[in-house]
Amino acid sequence: HVKRNGKNNYMFYNQEMQKELRNKAEIEGILRKSLQDDSIYLLYQPQVNVKTGEVEGFEALARLKDHAIPPNVFIQIAEESDLICQIGRAVTIKAIQQLASWRDKGYPRKPISINFSSKQMRDKDYLVFLVQTLKEYNLDGRYLEIEITESILLEETALTLEFLEQVKSLGISIALDDFGTGFSSINYLTYIPVDKVKLDKSLCDKFLNSDNTRVIDSIIALAHGLNLVITAEGIEEPWQYAQLKASGCDTIQGYLFSKPLEADSAEEIYDKNFLQVD
Ligand code: C2E
Ligand code: MG
Ligand code: MG
Ligand code: MG
């Protein structure tokens, strides 16, 4: 009886694994086609100043036209091939074009952050490409922010540090994304040239309650002690916002204010400029 169960389980896993492999190949195909057709696009999620309610900038989040595959899924698959480098470049161009378009329309200048996968360190000419693209659109680097994760430290450290220093020398700021989810050694915060930490949603969900705000309070104090701006991600509830405000958090990103928006809708937010919950 037990044996048969075991065998069924094995077959079940085997089928699941095959389905997953097929899925992976399928998604890779979709990604290649999306790159060819230029049908990857960006949504923009506002980042809101906790004290004033002012929109301080936007995070660009990649989507596939015609496919409801979530970025967590397609980015991971892209990272397992060389596709992430091409996607990274497509995202960079689109964000820079959007910045130029908002500038040309006369909107107040606000930075856009783009996500930079650690695997993009394989793209040796990315910096050259970045400089050229900024120049092509006559755009100052200070309107761009690059979000990295601490997994970038698993790449070759000297190269990574040099890359980050060069990014910064273009006036681009660097945010450390998903803070609190990885190995989170405090030490690296002292030698990576970051300007901002983004507190991951999982941490906010876990520690933002009235009984135990000390963890979040301490992280905010640590960030400020190191002269870093701190953003809280995935804020959905007014009480979370209230708590973060009391703790001195700088900016907030979350459905409470706004979901990631199409560029047109982001423009409406530009017109309003302020998002208020209370
Ligand atoms: P991330 O960079 O940490 O982005 C934040 C994610 O949280 C986004 O998911 C955003 O839509 C979601 N989010 C924001 N506020 C809330 C909220 O209040 N509640 C909930 N439940 N979710 C919220 P999204 O767009 O699905 O992206 C997921 C991840 O995929 C990103 O996490 C990032 O790691 C990756 N990703 C997205 N676009 C790109 C890209 O262009 N390049 C790279 N390398 N990665 C990307
Ligand atoms: Mg991000
Ligand atoms: Mg994040
Ligand atoms: Mg994330």
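Check the entry above for the structure.
Not measured: the values here are computed from a predicted model. (Residues numbered from 1 in each chain as written. Chains lettered and ligands numbered in written order. Predicted model: local features only at pLDDT ≥ 70, side-chain atom pairs only at ≥ 80, totals over all residues. Heavy atoms only, no water.)

Caption draft 1: Molecular detail of the overall build of the chain. A tally of regular secondary structure across the chain gives nine helices and eight strands. Its C-alpha radius of gyration of 20 Å places the chain within 12% of the 19 Å reference for a compact globule of 278 residues. If you line up the chain on its principal axes, its C-alpha atoms span 65 × 50 × 40 Å. Counting across all 278 residues of the chain, residues that qualify as buried make up 48%. Sequence separation of 24 or more characterises 69% of the internal contacts of the chain that already satisfy a separation of 6 or more. On the chain, roughly 14,400 Å² of surface is accessible, and the fraction owed to carbon and sulfur atoms is 50%. (Helix = DSSP H or I, 4+ residues; strand = E, 2+ residues; numbered from the N terminus. Rg over C-alpha atoms; globule rule 2.2 N^0.38 Å. Buried < 20%, exposed > 50% of the residue type's maximum accessible area, 1.4 Å probe, protein only. Contact = heavy atoms within 4.5 Å. Areas by Shrake-Rupley, 256 points an atom, 1.4 Å probe, with all protein chains shown as cover.)

Caption draft 2: Broad picture of the coordination of the magnesium ion (ligand 2). At 2.0 to 2.2 Å from the magnesium ion (ligand 2) lie its protein donor atoms, namely Glu59 (OE), Asn115 (OD1), Glu147 (OE) and Asp177 (OD). Taken in chain order, the donor set of the magnesium ion (ligand 2) reads E-x55-N-x31-E-x29-D. If you look at the magnesium ion (ligand 2) and the magnesium ion (ligand 3), they sit 4.1 Å from each other and are both ligated by Asp177. Here the residue Glu59 occupies a position in strand β2 (residues 55–64), and Asn115 occupies one in strand β3 (residues 112–115), the gap between them amounting to 56 residues. In this structure Asn115 comes out as partly exposed when scored by relative accessible area, which is 32%. (Donors = N, O, S within 2.8 Å, 3.2 Å for Na, K, Ca; no water.)

Caption draft 3: Structural detail: the packing of helix α2 (residues 71–79) against helix α3 (residues 83–104). Close contact between α2 and α3 brings their axes to 6 Å; oriented N to C, the two are set at 125°. In terms of orientation, α2 lies oblique with respect to α3. Every residue of α3 that contacts α2 at Ile75, Ala78 and Glu79 is listed here: Leu83, Ile84 and Ile87. For the contact of α2 with α3, a count of residues per class yields five nonpolar, no polar and one charged. (Axes fitted to C-alpha atoms, helices over the stretch in contact; angles between N-to-C directions. Parallel < 35°, antiparallel > 145°, perpendicular 65-115°, else oblique. Nonpolar A, V, L, I, M, F, W, Y, C, P; charged D, E, K, R; others polar.)

Caption draft 4: Up close: the environment of Lys110. Its place among the elements puts Lys110 in the loop between α3 and β3. Judged by its relative accessible area of 6%, Lys110 is buried. For the pair Lys110 and Phe58, spaced 52 residues apart in sequence, the C-alpha to C-alpha distance is 7.6 Å. Engagement of the side chain of Lys110 in a polar contact is seen with the backbone oxygen of Val55, the distance being 2.7 Å. (Polar contact = N/O pair within 3.5 Å; in protein donor to acceptor, adjacent residues only side chain to side chain.)

Caption draft 5: Layout of the site of ligand 1. Inspection of the region around ligand 1 gives 22 residues, with Arg63, Asn115, Asp177, Glu236 and Tyr255 positioned closest. Here a nitrogen atom of ligand 1 sits 3.1 Å away from a polar atom, N or O, in the main chain of Ala62. Glu233 has a polar side-chain atom sitting 3.5 Å from an oxygen atom of ligand 1. A total of 790 Å² of accessible area belongs to ligand 1 in isolation, and the protein chains cover 83% of it. For the shell around ligand 1, the secondary structure elements donating two or more residues are β2, α2 and β5 (173–179). If you tally residues by element for the shell around ligand 1, the top one is β2, at four residues. Among the residues making up the shell around ligand 1, the classes are represented as eight nonpolar, six polar and eight charged. (Near = heavy atom within 4 Å.)

Caption draft 6: Structural detail: the side chain of Glu150. Looking at the element boundaries, Glu150 is found in the loop between β4 (144–148) and α5 (157–169). Despite its burial, Glu150 remains without a salt bridge, the nearest opposite charge being carried by Lys206 at 14 Å. A distance of 2.3 Å separates the side chain of Glu150 from the side chain of Tyr188, its partner in a polar contact. (Lys, Arg positive; Asp, Glu negative; His and termini not counted. Salt bridge = Lys/Arg side-chain N within 4 Å of Asp/Glu carboxyl O.)

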